[in-house]
Amino acid sequence: MWQTIKVGFHKLGSPPIFYRVCQVLSPWLWAGFAVSLVIGLYYALYVVPPDYQQSDSFRILYIHVPSAWQAMAGYLVMSILAVIALVWRIRTTEIMAMSAAPIGAAFTLICLATGSIWGRPMWGTFWAWDARLTSMLILLFIYLGIMGLYAAFEDKRKGARVACILILVGLVNIPIIHFSVEWWTTLHQGRGISFVGESTMDASMKPPLIWMIVATKLLFTAALLDRSRNELIEQDRRKGWIRQKLGASV
Amino acid sequence: MFKSLLALLRRDLRLAIRHGGESLMPLLFLFAVLILVPLGVGPGPNLLSAIAPGMVWVAALLASLLALEGLFRPDLEDGTLEQWWTAPAPVGLLVTTRLFSHWLITGLPVILFAPLAAQMLYLPDHALPVLMLTLVIGTPILSLIGGLASALTLGTKRGSVLLSILIFPLVVPVLIFATGAVSAVADGLSPQAHLGLLTSLLILAVVLAPLATTAALKLNVE
Amino acid sequence: MIPQFEFAAFVWTSYAIFAIIVAWQIIQPILRRRRLEAEIREEMALKLGESTDDPNP
């Protein structure tokens, strides 16, 4: 049993097998995403009654909270891939780590945009120097830095490894940044604006959240496989196996 | 081992003195920023003294970015960087030495001229020692983070724009704790907690940054 | 059919931003793969008869 798992993982390091696995898994993941998204949206927009404090604006949180979680979980996944890539020098994990960055950045962007839109009716302003919003903005810049660094290299393998180091540097720094920003906002709270306290969630408000969390996880994984496959095609475009794969599908 | 470290330090400093004008650029840049601020927000002492800690620190941060482009690149181009791996001293220590000389050239002048900058922005006199202390603890962190970023971008053609984007998220905690300490003193509070946290950041940076920098240099030399 | 919300503009703008960014996550890989496949086919057509292996791997 253990042996088969181990062999399976080793096989994923081989580009043609990895390509095939991405190709087979991706439609299923997209289908799962579509189903959970439809259920989640149905609950979020139709079933759940308005909140007594926030009225309907809390419905924004059904996309804001899962996106925020996925933005952070995405960084964690990317870091794990980066460790594997640096320690064992497996090319497919390098590619996956690099493909994870733009997806994580997209979720961070959703989180920031919806957070500031939610803030307008709740706080009275589009942007508040709230600890979580500020941390998310810095996280976005870390993601953009990783993408920019990778893009700046002509030798993609070298670029991926250097960017993997940056990913790990970011991993060490994110908790420190978050702590420092929280410290900073509590110190300056007197000068800021008063925030609406978060109401505790009623049980009836949870199902859409769970479905949306499942949907964002599936979206991340599906997009990750698709992007990794493309990156592999791009890097191996002059290799025989890619030409065979594409030639066969003409 | 110490001989090779000393030789590197001596060489770096001698080069910096020979290119005297270039080494003074960060300091001039610092004062350019500090002169532009009152011109931009008005010369009112109340406003200026309120933003003084932040402005001095932001200016110091921007000044530290200036000399980063030439931190490792000339050595990569003339091949001396590769020889670091055959030197009698561990590469991590050579990296630390190089960053120390970078700090002597860019960080130290900023610290020495900080009293003047503080006067120009009407920082309360009793807050000046703490400002100096935060600069003494904080500017080495800036050099360490800057060195890391410049090692990461070494293999790219146009590193300088990328450099500032990579550095900015990493220095956020330094800026928060350093200016927090100065503001606390200016408001009559104790800066101890801020200074303690800033010092722990320095320790963390001294331990971890050379490791990551060495790894990045190695990838770029290969 | 479309539910009436208080703060409707804010809610719908948020969901629209979500929809656009998600759509981009779906479309971008498809467009890129098409472009890559077209480019590679073109290269293959040009090099027809030659070896397809990289001369310096």
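Provided above is the structure to which this section pertains.
In this text the structure is predicted, and so the values were computed from the model without any measurement.

1. What about the side chain of Ser116 of chain A?
All names here are of chain A.
In step 1: Structurally, Ser116 can be placed in helix H4 (residues 91-123).
In step 2: Take Ser116: its relative accessible area is 14%, and that puts it in the buried class.
In step 3: Of note is the side chain of Ser116, whose polar atom sits 3.2 Å from the backbone oxygen of Ala113.
In step 4: Contacts of Ser116, omitting those with residues within four sequence positions, involve Thr125, Phe126 and Trp127.

2. Let's talk about the side chain of Ser228 of chain A
In step 1: Along the polypeptide, Ser228 of chain A turns up in helix H7 (residues 206-235).
In step 2: The residues contacting Ser228 of chain A, other than those within four sequence positions of it, are Phe18, Ile95, Met96 and Ser99 of chain A.

3. Quick notes on the pattern of salt bridges
In step 1: The tally for this structure, following the rule as stated, stands at 18 salt bridges over all chains.
In step 2: In this structure, the salt-bridge partner of Arg237 of chain A is Glu234 of chain A, at a minimum N-O distance of 3.2 Å.
In step 3: Classification of Glu234 of chain A as partly exposed rests on a relative accessible area of 27%.
In step 4: Among the ionic pairs, Glu39 of chain C bridges to Arg237 of chain A, the shortest N-O distance being 2.6 Å. You can see Glu39 of chain C sitting in helix H1 (residues 8-46) and its partner Arg237 of chain A sitting in the loop between H7 and helix H8 (240-248), one on each of two chains.
In step 5: Several salt bridges share partner residues, and in doing so they unite Glu231, Glu234, Arg237 and Arg238 of chain A together with Arg32, Arg35, Glu39 and Glu43 of chain C into one network.

4. Some thoughts on the state of the cysteines
In step 1: As enumerated under the stated definition, the model contains zero disulfides over all chains in all.
In step 2: Considering cysteine sulfurs only, Cys164 of chain A is the nearest to Cys22 of chain A, which forms no disulfide, with 17 Å between them.

Reading the values: rules and limits
Residues numbered from 1 in each chain as written. Chains lettered and ligands numbered in written order. Predicted model: local features only at pLDDT ≥ 70, side-chain atom pairs only at ≥ 80, totals over all residues. Heavy atoms only, no water. Helix = DSSP H or I, 4+ residues; strand = E, 2+ residues; numbered from the N terminus. Buried < 20%, exposed > 50% of the residue type's maximum accessible area, 1.4 Å probe, protein only. Polar contact = N/O pair within 3.5 Å; in protein donor to acceptor, adjacent residues only side chain to side chain. Contact = heavy atoms within 4.5 Å. Salt bridge = Lys/Arg side-chain N within 4 Å of Asp/Glu carboxyl O. Disulfide = S-S within 2.5 Å.

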